[in-house]
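Analysis of the macromolecular model
This is what each chain is made of:
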Amino acid sequence: MTGWCYIKLPVRWNAHPFMFNQFKITSENQITLLRQAKIPHVYAIPSKSTADPLPVNESESPAIIDTVQDTTLLKNKLGDKEQQILAMQQHRRAIKECEKAYQNALGRVRSLTSKIQSRPLLAIDEAQVVMATMTKALLEKDDLILHLVGDDRDDMDSHQHAISVCMLSMMIGKKLGLSPAQISNLGTAGLLHDIGKLKIPSQFYTNKDVSPAKRKFVIEKHPEYSIEFLNNVPSVNDDVKQLIQEHHEFADGSGFPKGLKEDKLHPHSLIVSMVNMYEKLCYPYDEKKAI
């Protein structure tokens, strides 16, 4: 045979052994399964086929089917399909559980950022609890986490930005084979990297009367402001502080606040820096510039 026919099955999805009701026939086994499943006819879709259906020959004798072989093949396919259906159902349940945990974490981050100025110790301790929950979710279901952080946002949500930088940094850390402690440090740094911005008046972001040079100078101070917050919290380790201080540094030394090159940076700072830059390209302050 030089080509295959694309077909549509005229029966319910659960009445045949295939995963889809429409597909291209690519093997004799599929034809055998159609016969064994007692599907009387199918619809051919020429526009999606690589061969035209053969003309009907009324005088042709019915094909002889090897019943034992065909029955085994059919049972195996039906069993595979049942397993795939169960896996799909479990995946949907996992998505719902993960979405619930993600939304809960998002709410807790909103809460803790509002506490950071008045009660920094309590807020950072709460952040560590949030991190424990999110680390567990990441290690078990990182594909679902990626689906969540990639969802569309209704607004420029700084809390969601913090969680996205946190989770994407952790996912990269996991992919690189870092230890759980190192992955947790990346997550904590991602979650808290912009807390220094709380000290910057909103006019520096929105007021057109502020000169570009002054705006740049003040905004580029936010990594230092973040460290000032965290120096009051003994439970935050030095690695996390360094990752936060360097989350705008680049390998070539073109970043800020110190313009350090790769050999002077924490080994994992560029993970947070890269993820933060990626997030800013996707969700900039000016939505019209979003990539």
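As shown above, the structure is provided for reference.
The following refers to the structure shown. Just so it is clear, the structure is predicted and the values come from calculations on it, not from any experiment.

The next subject is the overall build of the chain. Looking only at helices and strands, the chain has 10 helices and three strands in total. The burial tally for the chain puts 39% of its 291 residues in the buried class. The long-range fraction of contacts in the chain, counting pairs at least 24 apart against all pairs at least 6 apart in sequence, stands at 63%.

Okay, the packing of helix H5 (residues 180-192) against helix H9 (residues 238-245) next. When two helices pack together, their arrangement is given by the angle between the helix axes and the distance between those axes. Contact geometry for H5 and H9: axes closest at 9 Å, N-to-C directions at 45°. When the axes of H5 and H9 are compared, the pair comes out oblique. Helix-helix and strand crossings are classified by hand; for H5 and H9 the assignment is right-handed. Counted together, Asn-185, Leu-186, Thr-188, Ala-189 and Leu-192 of H5 and Asp-239, Val-240, Leu-243 and Ile-244 of H9 form the full contact between these two elements.

This paragraph deals with the nonpolar core. Leu-191, Leu-192, Leu-230 and Ile-244 are the most contacted members of the largest nonpolar core, which totals 29 residues. Those elements giving two or more residues to this core turn out to be helix H3 (120-149), helix H4 (158-175), H5, helix H8 (222-230), H9 and helix H10 (269-282). Leaving out residues up to four positions away in the same chain, Ile-244 has contacts with Ala-189, Leu-192, His-193, Pro-223, Ser-226, Ile-227 and Leu-230. Core analysis: the second largest hydrophobic core is formed by 10 residues, Ile-7, Leu-9, Phe-23 and Leu-33 among them.

To continue, consider H10. Over its 14 residues, H10 extends 20 Å from the first C-alpha to the last, a length consistent with the 20 Å expected when each residue adds 1.5 Å. Along H10, the residues classified as buried are Ser-269, Ile-271, Val-272, Ser-273, Val-275, Asn-276, Glu-279 and Cys-282.

Let us now look at a nonpolar patch on the surface. A contiguous nonpolar surface patch, about 310 Å² in accessible area, is contributed by Met-277, Leu-281 and Ile-291. Tracing the chain through its elements places Met-277 in helix H10. The partly exposed category is assigned to Met-277, whose relative accessible area is 36%.

A few words on H9. Those residues of H9 that sit buried are Val-240, Lys-241, Leu-243 and Ile-244. Around the axis of H9, the buried residues are gathered within 160° of arc, so they sit on the same side. Against the buried residues of H9 lie H5, H8 and H10. Two or three places before Asp-239, at the opening of H9, Asn-237 has a side-chain oxygen 3.0 Å from that residue's backbone nitrogen.

The next subject is the sheet that holds strand S3 (residues 43-44). In space, the three strands of this open sheet follow the order S2-S1-S3, with antiparallel pairing throughout. With partners counted over all chains shown, the strands left at the sheet margins are strand S2 (22-24) and S3, one partner each. Pairing analysis gives three bridges linking strand S1 (residues 6-8) to S2, with the strands arranged antiparallel. Bridge assignment links Tyr-6 to a residue of S2, and that residue is Lys-24.

With that settled, the discussion passes to the packing of H8 against H9. At a minimum axis distance of 8 Å, the contact between H8 and H9 shows a crossing angle of 160°. Overall, the two elements H8 and H9 adopt an arrangement that is roughly antiparallel. The chirality of how H8 crosses H9 is right-handed. Between H8 and H9, the contacting residues are Pro-223, Ser-226, Ile-227 and Leu-230 on the first element and Lys-241, Ile-244 and Gln-245 on the second.

Rules and cut-offs
Residues numbered from 1 in each chain as written. Predicted model: local features only at pLDDT ≥ 70, side-chain atom pairs only at ≥ 80, totals over all residues. Heavy atoms only, no water. Helix = DSSP H or I, 4+ residues; strand = E, 2+ residues; numbered from the N terminus. Buried < 20%, exposed > 50% of the residue type's maximum accessible area, 1.4 Å probe, protein only. Contact = heavy atoms within 4.5 Å. Axes fitted to C-alpha atoms, helices over the stretch in contact; angles between N-to-C directions. Parallel < 35°, antiparallel > 145°, perpendicular 65-115°, else oblique. Left-handed = near helix turned anticlockwise from the far one by under 90°. Core = buried A, V, L, I, M, F, W, Y, C linked by side-chain atoms within 4.5 Å. Expected span 1.5 Å × (residues − 1). Patch = residues over 30% accessible without salt bridge, like charges linked within 9 Å, V, L, I, M, F, W, Y side chains within 5 Å. Areas by Shrake-Rupley, 256 points an atom, 1.4 Å probe, with all protein chains shown as cover. Salt bridge = Lys/Arg side-chain N within 4 Å of Asp/Glu carboxyl O. Arc of directions from axis to C-beta. Polar contact = N/O pair within 3.5 Å; in protein donor to acceptor, adjacent residues only side chain to side chain. Pairing = 2+ DSSP bridges.

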